[in-house]
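# Commentary on secondary and tertiary structure
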Amino acid sequence: MIFLKNKLVSDIAWTVGSFIILAMSGMVLNLIIIFFYNAATLGTFNLTYTIYIISSQLATLGCHYSVIRHSAHHISERHTRDIILINAIVIGIFLGVIGFIILYSLSKNLGDLFSNQQLGLLVANASTGLILFPLNKILLAYLNSLRLMKYYSFLQALRYLLVMAFIGFVCILRMPFKMTTISFIASETILTITAIIFLYRLQLLPKSRFDYQWIKNHITFGIKSFPAGIFVEMNSRIDILMMGIYCHTELVGIYSFSATLVDGLYHILSMVRINFNPILVAAVRDKKWHDVQNLLNQSKRFLLPITILLSLAILSSFWLLANIFMPTKGLQPGVLPLSILLTGLTTIAMFVPFDNILLMSGYPVALTLQHCSVLFANIGLGIILIPKYGMVGAAFAVVTGYFSGFIALQFLANHLLGWNLLKNRVQD
């Protein structure tokens, strides 16, 4: 148990480190674009990125969830794990090509929808990244399922560092801005090569043959669980899409800058969840609920104060940036929505690492319902508030979604698992 605790701490440190890089790269990326261009250009880029991320989740079809769940469940059975991985790889390559074709075909229509032709060009270039994204998602999920978090964390950080470096190169050289989204396929290509090298060195490349039964297993589990992944990504970005529909692109840029900072903090919390997921699978499988309860106690003890401190640091940094370092870029209106978003996320921070408990327990449909409640709250309030209150309305809609998601999680976990998260009690 001491080893497990030490490994968990080490794994969390690695993954939090990688997502600190993610958060920092996102902030630097926004700074680079707004420094060399303006808020309107930043808004167009973030709308493109939002479309790309949501499309990537659709293209993966939830197969990475199946890899995490089944590989962790069969962690001691090498032959079965090999079959799980090789079939997931085949699915990932196929879905990536299909995803690219569909998004590329729709790129011009998306430009027309948002009345932004530059958006259409950016989406067309970004769509090439979908060719390899599902495959990489599956390879990283496999490393996650085996708790090889050093390798997982390195690859996660590498993806965002490569995107940041490529876009920075385009901006500094003043190349056509549509070239920035070529960074997605460039980074995914390097990521694929690096992941394969890691698997080879760890002697984890699959040796089993193709098995149609596991194709069926992956697709069945993926279809049940992938709506949850879609809802997660849409919940983190639907506000930006709705801002793009109802507001000027400049306001989208200002708001998306604030939302990116909050998204970075959320991803740091998500890294704790990624480390918890394999442990949750084992604890539920073996009925060791005291392990799950101990994890929640640790989350309550450490995550709330850490999130408060990080939120204050983010808010202070944004205020200084908007008012002292870049006062002419018009970022000042983003302070209030940023404050609202950070307050809402801090309130539920201690429960974020347990967002996937329903999936890890074998209830992918319940997880979908959980995230569906968040999406409905976001969209419903967004339609009402964004046209009238703009950025502030979008922020309130997102925070309401946070609370709706937690209420659904509490209800479903209590009903299906007998675990009351608020009281941290498990029914006998």
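As a reminder, the structure under discussion sits directly above these lines.
Parameters at a glance
- Residues numbered from 1 in each chain as written.
- Predicted model: local features only at pLDDT ≥ 70, side-chain atom pairs only at ≥ 80, totals over all residues.
- Heavy atoms only, no water.
- Helix = DSSP H or I, 4+ residues; strand = E, 2+ residues; numbered from the N terminus.
- Buried < 20%, exposed > 50% of the residue type's maximum accessible area, 1.4 Å probe, protein only.
- Contact = heavy atoms within 4.5 Å.
- Polar contact = N/O pair within 3.5 Å; in protein donor to acceptor, adjacent residues only side chain to side chain.
- Phe/Tyr/Trp six-rings, centres within 6.5 Å; stacked < 30°, edge-to-face > 60°.
- Axes fitted to C-alpha atoms, helices over the stretch in contact; angles between N-to-C directions.
- Parallel < 35°, antiparallel > 145°, perpendicular 65-115°, else oblique.
- Left-handed = near helix turned anticlockwise from the far one by under 90°.
- Nonpolar A, V, L, I, M, F, W, Y, C, P; charged D, E, K, R; others polar.

For Leu-251, the position within the fold is in helix α10 (residues 249-285). On the accessibility criterion, Leu-251 (34% relative accessible area) is partly exposed. In the structure, Leu-251 is positioned 212 residues away from Ala-39 in sequence and 7.4 Å away in space, judged by C-alpha atoms. For Leu-251, the residues in contact, after removing those within four places along its chain, are Met-243 and Met-391.

Glancing now at helix α5 (residues 117-126). Counting buried residues in α5 gives 7 out of 10 residues, a clear majority hidden from the surface. For α5, the set of buried residues is Leu-119, Gly-120, Leu-122, Val-123, Ala-124, Asn-125 and Ala-126. Capping of α5 at its N-terminal end is provided by Asn-116; its side-chain oxygen lies 3.2 Å from the backbone amide nitrogen of Gln-118.

According to the stated counting rule, one finds 14 aromatic pairs in the structure shown. Judged by centre distance (5.8 Å) and plane angle (35 degrees), the rings of Tyr-49 and Phe-184 are tilted. Of this pair, Tyr-49 sits in helix α2 (residues 39-60) while Phe-184 sits in helix α8 (residues 183-201); the two residues are 135 residues apart in sequence, bridging distant segments of the chain. Exposure class is identical for Tyr-49 and Phe-184. Each is buried. Taking the centre distance of 4.4 Å and the plane angle of 10 degrees together, the rings of Tyr-52 and Phe-184 count as stacked. With Tyr-52 in helix α2 and Phe-184 in helix α8, the pair connects residues that are 132 residues apart, well separated along the chain. Judged by its relative accessible area of 3%, Tyr-52 falls in the buried class.

On to the packing of α2 against α5, then. Orientation of α2 relative to α5, taken along the N-to-C sense of each, is 40 degrees, at an axis distance of 9 Å. The angle between the axes of α2 and α5 places the two elements in the oblique class. Here α2 and α5 pass one another in a crossing that is right-handed. Mapping the contact onto sequence places Thr-44, Phe-45, Leu-47, Thr-48, Ile-51 and Tyr-52 in α2 and Gln-118, Leu-119, Leu-122, Val-123 and Ala-126 in α5. When grouped by side-chain class, the residues that make up the contact of α2 with α5 number 8 nonpolar, 3 polar and no charged.

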